[in-house]
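Analysis of the macromolecular model
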Amino acid sequence: MPPTLASLVHHSALKLTVRAGEERLDAPVRWAHASELADPVPYMEGGELLLITALKLDAEDPEAMRRYVKRLAGAGVVGLGFAVGVHYPDIPKALLDAATDAGLPLIEVPRRTPFLAISKAVSAAIAAEQYRAVTAGFAAQRELTKQTLSDGPEGLLLALAGQVDGWAALYDASGAVVATAPEWATRRAARLTADVERLRERPAPASSVVAGTEDRVELHSLGTGRRPRAALAVGTASTLGTAERYAVHSAIALLTLTTERSRSLHAAEQRIGVAVLRMLLAGEPDHARTVAGDLYGGLLDAPFRLVVAEVASASAARVRAGADDDGAGAGAQEGGPGTASAAVLAAVAEVSGGGDPLAALVDVVEAAAARSGEALLVVPYGERLVLLVVDGGAGARACAQYAAALEAGRGVAGREPAASGEQAELVMGLSAPAGPIAAATAYKQAEQALSVARRRGRALVEHEELAAGSVLPLLADDAVRAFADGLLRALHEHDATGRGDLVASLRAWLSRHGQWDAAAADLGVHRHTLRYRMRRVEEILGRSLDDPDVRMELWLSLKATSTTSD
């Protein structure tokens, strides 16, 4: 406790006597200051014990003393010390009445007690209190460190709650509650998710005090990078004292060390992840499992899905999507924007503000996997990002929710232009469930799904959607159209001279699987006429219609050019 008026009055060497304001002697004293100014208020900060001899005061004027005492009380002066036997043999009645009316403690200082002795006593008490606070802070730091080493963040929170006589909670980067102490504080901590998300938007380190709660709650971001990795909440009944403040700062440092992995460790884990992925793709699952060890080994023991993600320009995605309207709506993604978590929505908001879509994806998936205790492999692969997530797990669901929220934010199927400048958009391909033996196949599936997502302007396409949909939308590719135009150009040029309708005849014949009578009936011509036209097609193209590959190429070319004309 800091020094109070009561502790000074009880100081045996000072011989002080209380003459007014006995009910307010528990007020803490920040400093003892002597001033003979008629108005010392401009030089006060509040919390002082003002010492006077009334050298320049008309201490016997009741009205002057009422004004003087009122200004002192309004400035936060906690007490007035009057030296008797200097200019006045006793405290003047006017001053005594004014102090009594205002409730300001008035203390009589005997002539043999110098003001310097009172100032020294206050200074010594403040220094002793600071020493006790520092000592308690070091003790708290040792206890918090001990609990962290033995029981992890949960033990640290429990010890911190005891140190501050309140409660404490730890949040992950998404704002979700990871742990609380004591357990009864879980609901209180959960109500602060929105405040934690707002704190996350500020560069670390950052802190804030939450108003409007049943406790006084402080929030502190944790992490050394630009973006906080976690947050700490501390709830108490009143403002933290010096010792409690030391304990909170120690907890912040320890939790930062716990939650913020070093760059070298992260780089080492990433190199292991790259090695595991390369071995899986090379068809060496046993070696991959050995290298993965305890770090990623659990991920390879159950079916997983492989996600390939990359960033494409918004304008290119819109052009491709506009050319592929027939397939853009195929396959609804699991977990629409209505089911998106607060972490997903925060990540989408960050990307909309110009953030890195791949980094936001990693944050969302890592947070979801951590909350569920799932293993997760995240590997930068060139300009792409490859993720191995548990099939049906929280990481896979987070990918789907993130993609759905991204598409909802982009507008109708991602076709709304960016508000300003060129915006990068995330596209992802998701493989079917696979095991370590089929990892290479899963990677190809994810790449194929990624290609379709890029073509359709979608944020995420699952490989299962490709088999369930139609191949015709894939013909909208510019390269396919160029091939079709080149293959059929000679036939179109022939028909343009008015010497026969070879293109329509070829389409009818192929649609009827080479049945002459049915195709001739569709065209309204004799079957011999149709046979003649098909021979002309063979002569002009230099290809045999008996070849199934030729018929397939011609049919797809006709479909591609008909899509263009439509």
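Keep in mind that what you see is a predicted model, and the values were worked out from it rather than measured.

1. What about the overall build of the protein chain?
- The helix and strand inventory of the protein chain stands at 21 helices and 15 strands.
- The burial tally for the protein chain puts 46% of its 566 residues in the buried class.
- Sequence separation of 24 or more characterises 65% of the internal contacts of the protein chain that already satisfy a separation of 6 or more.
- As displayed, the protein chain has an accessible area near 27500 Å², and 53% of this comes from carbon and sulfur atoms.

2. Section: the environment of P92
- Structurally, the position occupied by P92 is in the loop between β4 (79-83) and α3 (93-102).
- By relative accessible area, P92 is classed as buried at 6%.
- Expressed as a C-alpha distance, the spacing of P92 and P62, which sit 30 residues apart in the sequence, is 9.5 Å.
- Leave out the neighbours within four places in its chain, and P92 touches A59, E60 and F82.

3. Observations concerning the sheet that holds strand β9 (residues 216-222)
- Taken in spatial order, the five strands of this open sheet run β7-β6-β10-β9-β8, and their pairing is antiparallel. Strand pairing shows two members of the sheet lacking a second neighbour, β7 (177-181) and β8 (207-210), which therefore form its edges. Ignoring which end each strand starts from, the neighbouring axes of this sheet average 15° apart.
- Note: β8 against β9, four bridges, orientation antiparallel. By the bridge assignment, S207 is partnered in β9 with H220.
- Across the face of the sheet, helix α6 (residues 193-200) comes into contact with β6 (167-172), β8, β9 and β10 (230-236) while running at roughly 40° to β9.

4. Section: helix α17 (residues 478-496)
- Along its length, α17 reaches its greatest deviation from straightness, about 50°, at L488.
- All of the buried residues in α17 are R481, A484, L487, L488, L491, H494 and D495.
- Of the residues one or two after α17, G498 is the one with positive phi, at around 80°.

5. A few points about the side chain of T148
- Mapping T148 onto the fold places it in helix α4 (residues 115-164).
- Excluding its chain neighbours within four sequence positions, the residues that come into contact with T148 are L156, L254 and T258.

6. A word on the pairing of β6
- Counted residue by residue, β6 has six buried out of six residues, so it is predominantly covered.
- Going residue by residue along β6, you find W167, A169 and Y171 tucked away on one face and A168, L170 and D172 tucked away on the opposite face as well.
- Of the strand pairs in this sheet, β6 and β10 are connected by six bridges, and their pairing is antiparallel. For W167, the partnering residue across the bridge sits in β10 and is G235.
- The hairpin turn running from β6 into β7, its antiparallel successor, is four residues long, and G175 in that turn takes a positive phi close to 95°.

7. Topic: the nonpolar core
- Judged by nonpolar contacts, the single largest core of 28 residues is most densely connected at L361, L385, L387, L426 and M428.
- Within the residue set of this core, elements represented by two or more residues are β11 (304-313), α13 (357-372), β13 (384-390), α14 (394-410) and β14 (424-430).
- When residues no more than four places from it in sequence are discounted, the contact partners of M428 are V307, V308, A309, L361, C399, A403, A449, L450, A453, A459, L460 and V461.
- Within the second largest apolar cluster, 27 residues are counted, among which are V308, L377, A446 and V452.

8. Details of the sheet that holds strand β3 (residues 48-52)
- Pairing in this open sheet of five strands is mixed, and the strands run β1-β5-β4-β3-β2 from one edge to the other. A single partner strand is all that each edge strand has here, and the edge strands are β1 (17-20) and β2 (31-34). The sheet shows a mean angle of 30° between the axes of neighbouring strands, direction not considered.
- In this sheet, strand β5 (residues 106-109) lies alongside β1 in antiparallel orientation, the contact comprising three bridges. Bridge pairing in β5 links V18 to I107.

9. Observations concerning a nonpolar patch on the surface
- A grouping of I272, V291 and L295 is seen on the molecular surface, where their side chains present a nonpolar patch of about 190 Å² in accessible area.
- Here V291 shows up in helix α9 (residues 285-296).
- We classify V291 as partly exposed; its relative accessible area is 33%.

10. A look at the packing of helix α18 (residues 502-511) against helix α20 (residues 527-541)
- Running from N to C, α18 and α20 point in directions that differ by 110°, and their axes come no closer than 10 Å. Put simply, α18 runs roughly perpendicular to α20. Two secondary-structure elements touch here, α18 through L502, S505, L506 and W509 and α20 through L530, R533, M534, R536, V537 and I540.
- A per-class count over the contact of α18 with α20 returns seven nonpolar, one polar and two charged.

11. Things to note about the side chain of R305
- Among the structural elements, R305 can be located in strand β11.
- R305 gets classed as buried once you look at its relative accessible area, which sits at 12%.
- Of note is the side chain of R305, whose polar atom sits 2.8 Å from the side chain of D391.
- Once residues within four sequence positions are removed from consideration, R305 is found in contact with L387, L388, V389, D391, L430, S431, A432, P433, E462 and E464.

12. Quick look at the packing of aromatic side chains
- Taken as a whole and judged by the stated rule, the model has three aromatic pairs.
- With a centroid separation of 6.2 Å and 50° between ring planes, the pair formed by F82 and Y88 is classed as tilted. Y88 matches F82 in its accessibility class, with the two residues each being buried.
- Centre to centre, the rings of W509 and W516 are 5.5 Å apart; their planes meet at 35°, and the pair counts as tilted.

So, how was this worked out
- Once a new chain begins, its residue numbering starts again from 1 and follows that chain's sequence as written.
- Under the rules for a predicted model, residues below a pLDDT of 70 receive no local features and side-chain atom pairs below 80 are neither given nor counted, while totals for whole chains, interfaces and linings still include all residues.
- Each side-chain value is worked out from all heavy atoms of the structure, with water and hydrogens disregarded.
- Secondary structure elements are taken from DSSP: a helix is a run of H or I of four residues or more, a strand is a run of E of two residues or more, and numbering for both begins at the N terminus.
- Buried means the residue's accessible area, taken with a 1.4 Å probe over protein chains only, is under 20% of the maximum for its type, while exposed means over 50%, and partly exposed covers the values in between.
- Every residue pair with non-hydrogen atoms within 4.5 Å of one another is taken to be in contact.
- All accessibility values rest on the Shrake-Rupley procedure with a 1.4 Å probe; residue burial counts only the protein chains present in the view.
- Strand pairing requires that DSSP identify at least two bridges connecting the strands.
- In this analysis, axes come from line fits to C-alpha atoms, helices being fitted only over the stretch in contact, and the angle between any two N-to-C directions falls in the range 0 to 180 degrees.
- A residue's bend is given by the angle between axes fitted to the 7 residues ending at it and the 7 residues starting at it.
- By nonpolar core is meant a set of buried Ala, Val, Leu, Ile, Met, Phe, Trp, Tyr and Cys residues that side-chain atoms within 4.5 Å join together.
- Patch definition: residues above 30% relative accessible area lacking any salt bridge, with like charges linked at up to 9 Å and the nonpolar side chains Val, Leu, Ile, Met, Phe, Trp and Tyr linked at up to 5 Å.
- A pairing counts as a salt bridge when a side-chain nitrogen of Lys or Arg comes within 4 Å of a carboxyl oxygen of Asp or Glu.
- Any angle that is under 35 degrees is reported as roughly parallel, and any over 145 degrees as roughly antiparallel; angles of 65 to 115 degrees are reported as roughly perpendicular and all others as oblique.
- Throughout, the ten residues Ala, Val, Leu, Ile, Met, Phe, Trp, Tyr, Cys and Pro are labelled nonpolar, Asp, Glu, Lys and Arg are labelled charged, and all others, Gly among them, are labelled polar.
- Contacts described as polar in this section are N or O atom pairs within 3.5 Å, which, within protein, must combine one atom able to donate a hydrogen with one able to accept it, while residues neighboring in sequence count only if both atoms come from side chains.
- Aromatic contacts are taken between Phe, Tyr and Trp rings whose centres are within 6.5 Å, Trp giving its six-membered ring; a plane angle under 30 degrees counts as stacked, one over 60 as edge-to-face, and the others as tilted.

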